[in-house]
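Structural characterization, general
One letter stands for each residue in the lines below.
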Amino acid sequence: MSGEEQTGRAGATERNEEYERMEKWLDDHPEFTHDYFARKAKRTMVDGWLLAQALSHSPNFKQPETSNSSGSNSRNNSGTNTPVRKISAQEFDRGDTLNPIVSTVDGARTFLGPSTSQTSVSSKFHRRPRTELKTLDEKELMYELVIDICNELDVNSLCHKILQNVCILLNADRCSLFLVHGREDEDRFLEAKLFDVSADTTLEEVCENREAIRIPWGTGIIGHVAQTGELLNIPDAYKDPRFNNEIDLQMGYRTHSILSTPIKDCDGVVIGVAQAINRTNCKDEPFNLHDEKIFSNYMAFCGIGLKNAQLYEKSLLENRRNQVLLDLARVIFEEQNNVANLIYKIMMHTQSLLQCQRCQVMLIDDLCKGIFSQVFDLENTDFDNSDTFNREWPAEPRFPIHIGISGYVAATGQTLNIVNAYEDKRFDPTVDIDPNFKTKAILCMPIKNAHGKVIGVTQLINKLDGSIFNKNDENLFEAFAIFCGLGINNTQTYETVMKAMAKQRIALECLSYHASAPADEAQRLKTMVIPSTYAYNLLDFSFSDFGLDDDDTLKASIRMFIDMNLLERFRINYETLCRWILSVKKNYRDVTYHNWRHAFNVAQTMFCMLKSGQMDNILTETEKLALIIACLCHDLDHRGTNNQFQIKTSSPLADLYSTSTLEHHHFDQCIMILSTKGNDILSNIRQDEYEEVIQMLENAILATDLALYFKFRGEFFNLVRSSETNWNRDRDRDLLRSMMMTASDVSAITKPWEVQLKVADLIASEFFEQGDLEKTQLNIKPAEMMDRDKKDRLPDMQVGFIDSICLPVYQAIAEISPRLEPLLDGCKKNRQNWHFLSQHTSKHLVDESRKENESKDDSIHENEEIEEEAMENENKDENFQLMDIESSEEAENILPVVS
């Protein structure tokens, strides 16, 4: 090996290794690979990939051998996990262009184009005239006649040409051709649509006004040849016992000699029988051995051509059937509003395709099992070329399903194909009430839904041509029944959903009516005198509602709207405002804490923050309107249980909303009230203002979910600490409004100590009620804050609540506006008091433990350590000034309240 070759191989090896490393890196970084391919790949590359993938999964495709002697190739292996399309659109380019979806005269989209089943695909070769053919020798004549049929694909036309050519070849007077039908021996028969064809007979003359002649398998000369597969030459037909002279009597013709030979396909299976009758030059002269040889040789070619024509015809029929089923699928999925319309369309398609006198569909009642609740009956004379249901069906003719043939099919789920209805014991003759109609043949099938459950029965009665329903009819009707079942089930489901939606709308109408406050109550509130802000002390952060009755809370709410000039700015009708506030109050449940009083207190804190805290200098009037409405509505229809309880109990609310479950429900209730006539306080504002208020409302109410507070507070705190914040950005203002909602929602922690104690008792009671439900209904251990057995730990939990939630948000908003510091100060004072109670509780528990275990040295030693730790914690807080609790005796009196 030369040095250049060695250098070249070494370089190729290095490149291969580099390619492998690169490919491995691409495999390990699929996102980059996908992005690079999406940006850089050209159309030719994509087409090449699709073609390669399609070929690599073809059964005839052989993977080319690689040049790698080791048999490994990383490029071939790297795509093993790549999803592969089974077929590429380019595969269809190997044939002709696919038929597009067409439109009918009425504009309906359909897959059904002009029928091609009867189209003759003839060769451009034209046979020479008969006089010219007679001048050819035997080989040339055979060649001409073979060429004549080789490209003929229409079965009827091909059979006609074959018979004419046989007449020329054998100098036969007449010829007939019988085709084999059926699959099993007992179902097989032979049928001839072309009978007694001469060399001069045209196809139109043969087919016009002639019924097909059917011969049972193995019967007569034709049946014998088909069954044995051997040629039969009969010199004198009337001397053969297999000959039937009835046709001669009908046609007025005398049959002398018969030459009959089977037509076989390439597999040697008999697909037909050709028969030549009488010679033209001498009818008494029989066919000889030479005629037999010529006849057999020509039929060998004809067998191939006939099989091809049958396959082509079958493919056309199969294509037509697929088009019909696609068209039926289109009808089914277009019509979902009404079961009757759907069934009417399906029956029209069924009758049109299967050509029967009557089509029926009977549906089973879901509620009353064993009863047909609806019966649809369509005769072939009922077509009105309409695409909508307009027949007068019987109004739910209810009758048991165990009666008659349809009842048998409904009960068993089996298909029945009955040739003569009156000979079947299951048939009920009373159904033929019309003297002009008689039931003969019946094809009855069950209709099943996607789960295999029988939901109805469909049946066809009497074919128009008087024949019986065959296997093809069964197969096609079965496909229709399947589509019918899916369509009916789909439409019934749709109707059920629509009915449920209608019931829901009615329920919402009733709910909105009953949830809305009566007009006379609004009129009464409208006539009341509204005291001033100072009379209610609404501008004080230490405000408490304990001294107000319900009417006072309503009037104080109205006062907030008046003082913020919201009525004039947003053109709010005063009576509408009164009714809206009454409706909001009415939609709060009578739960322990999260009730109307809590919502009113949250709104008062927001009002105080806007006015006394001067936050109205930062916020717009639209934002102030949204915040006040949000505060009053933020806990609408609260059930006294939290989001986790809704999820644990799989409540309908949890099914409706996966996150912020209750908060989404509160917002929905808020919108429902605002949309109710007489409560629509936003009806007079511009559309853009309305959309802005609604968006702010949703964000504000959802912000009361503490899970969202923890999610966004870090971003808010960073904003507050930033010296460049000017609150002009929409995102920053949204965060500010959200934190103001949280500050207002938990503002009870900032109230004077005596108010805080009462509120804490209310909150604890509601929590304990949920904990009791979790113990009794769910058999689970509740969280400590909701466990009544852990009530002694309430002070500790209050301190933790303040430290983790309250203090951070109040410290942040106090930095935005120093006038909000009273909220922070009140929170700090209550933390000191709760901390003192926590320490006193710890010492109390130590004393109890010492009394119970004073005889146990180890326990005493442990309690002493606990006591020392508690004393150390107390000493650390000795510089705190206890504003409300001055002695341990006072703490003793408080503990029962908070417990």
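Described in the following lines is the structure provided in the data block.

Reading guide: rules and limits
- Residues numbered from 1 in each chain as written.
- Predicted model: local features only at pLDDT ≥ 70, side-chain atom pairs only at ≥ 80, totals over all residues.
- Heavy atoms only, no water.
- Helix = DSSP H or I, 4+ residues; strand = E, 2+ residues; numbered from the N terminus.
- Buried < 20%, exposed > 50% of the residue type's maximum accessible area, 1.4 Å probe, protein only.
- Contact = heavy atoms within 4.5 Å.
- Areas by Shrake-Rupley, 256 points an atom, 1.4 Å probe, with all protein chains shown as cover.
- Pairing = 2+ DSSP bridges.
- Axes fitted to C-alpha atoms, helices over the stretch in contact; angles between N-to-C directions.
- Disulfide = S-S within 2.5 Å.
- Core = buried A, V, L, I, M, F, W, Y, C linked by side-chain atoms within 4.5 Å.
- Parallel < 35°, antiparallel > 145°, perpendicular 65-115°, else oblique.
- Left-handed = near helix turned anticlockwise from the far one by under 90°.
- Nonpolar A, V, L, I, M, F, W, Y, C, P; charged D, E, K, R; others polar.

1. What about the overall build of the chain?
In terms of helices and strands, the chain carries 32 helices and 14 strands. By the burial criterion, 43% of the 899 residues in the chain qualify as buried. The long-range share in the chain, meaning contacts at least 24 apart out of those at least 6 apart in sequence, stands at 66%. A total of about 49,000 Å² of accessible surface is found on the chain, and carbon and sulfur atoms cover 50% of it.

2. Topic: the sheet that holds strand 3 (residues 172–181)
If you walk across this open sheet you meet the 6 strands as 5-4-3-8-7-6, and the pairing is antiparallel. The open sheet is flanked by strand 5 (213–216) and strand 6 (232–234), the only strands paired with a single partner. Going across the sheet, the axis of each strand differs from the next one's by a mean of 20°, ignoring polarity. With 7 bridges joining them, strand 7 (residues 258–264) and strand 8 (residues 270–279) adopt antiparallel strand pairing. Paired with Ser-260 across the two strands is Gln-275, which belongs to strand 8. Across the sheet, helix 7 (residues 155–170) touches strand 3, strand 4 (189–197), strand 7 and strand 8, and the angle it forms with strand 3 is around 145°.

3. Some points on the state of the cysteines
Taken as a whole and judged by the stated rule, the model has 0 disulfides. No disulfide involves Cys-159; its nearest neighbouring cysteine sulfur is the one of Cys-302, lying 9.3 Å away. Overall, Cys-159 belongs to the buried group, its relative accessible area being 5%. Cys-356 supplies the cysteine sulfur nearest to Cys-359, a cysteine that is in no disulfide, at a spacing of 5.6 Å. Among the residues examined, Cys-359 registers a relative accessible area of 1% and is labelled buried.

4. Details of the nonpolar core
Across soluble globular proteins, you tend to see nonpolar side chains buried next to one another. Membership of the largest hydrophobic core comes to 99 residues, with the highest contact counts inside it found for Phe-561, Trp-580, Ile-629, Leu-697, Phe-716 and Tyr-810. The dominant element in this core, judged by the number of residues it contributes, is helix 29 (residues 794–816), at 11 residues. Sequence-distant contacts of Leu-697, that is, excluding residues within four places in its chain, are made with Ala-626, Ile-629, Ala-630, Phe-667, Cys-670 and Leu-674. Formed by 34 residues, the second largest nonpolar core is a distinct cluster that contains Cys-159, Cys-167, Ala-199 and Phe-295.

5. Remarks on the packing of helix 20 (residues 596–611) against helix 27 (residues 730–745)
Orientation of helix 20 relative to helix 27, taken along the N-to-C sense of each, is 125°, at an axis distance of 8 Å. In terms of axis orientation, helix 20 runs oblique to helix 27. In this structure, the crossing between helix 20 and helix 27 has a hand that is right-handed. Side by side, helix 20 and helix 27 meet where His-598, Val-602, Thr-605, Met-606, Met-609 and Leu-610 of the first sit next to Met-740, Met-741, Ala-743, Ser-744 and Asp-745 of the second.

6. Notes on the packing of helix 26 (residues 706–721) against helix 27
Packing of helix 26 against helix 27 brings their axes to within 10 Å, and their N-to-C directions diverge by 125°. Judged by the inter-axis angle, helix 26 sits oblique to helix 27. Crossing of helix 26 against helix 27: the hand is left-handed. Along its contact with helix 26, which presents Leu-706, Tyr-709, Phe-712, Arg-713, Glu-715, Phe-716 and Leu-719, the element helix 27 presents Arg-731, Asp-732, Leu-735, Leu-736, Met-739 and Thr-742. Considered class by class, the residues forming the contact of helix 26 with helix 27 number 8 nonpolar, 1 polar and 4 charged.

7. Focus: the side chain of Ser-257
Here Ser-257 shows up in the loop between helix 10 (246–251) and strand 7. Residue classification places Ser-257 among the buried positions, given a relative accessible area of 0%.

8. Some thoughts on the pairing of strand 14 (residues 454–463)
Counting buried positions over the 10 residues of strand 14 gives 10, a clear majority of the element. Note: strand 9 (residues 356–364) against strand 14, 7 bridges, orientation antiparallel. The residue of strand 14 that forms the bridge with Met-362 is Val-457. In the sheet, strand 13 (residues 442–448) pairs with strand 14 via 7 bridges, with the strands oriented antiparallel. Within strand 14, the position partnered with Pro-446 by the bridge is Val-457. As consecutive antiparallel partners, strand 13 and strand 14 are separated by 5 residues, and within that stretch Gly-452 has a phi angle of approximately 80°, a positive value.

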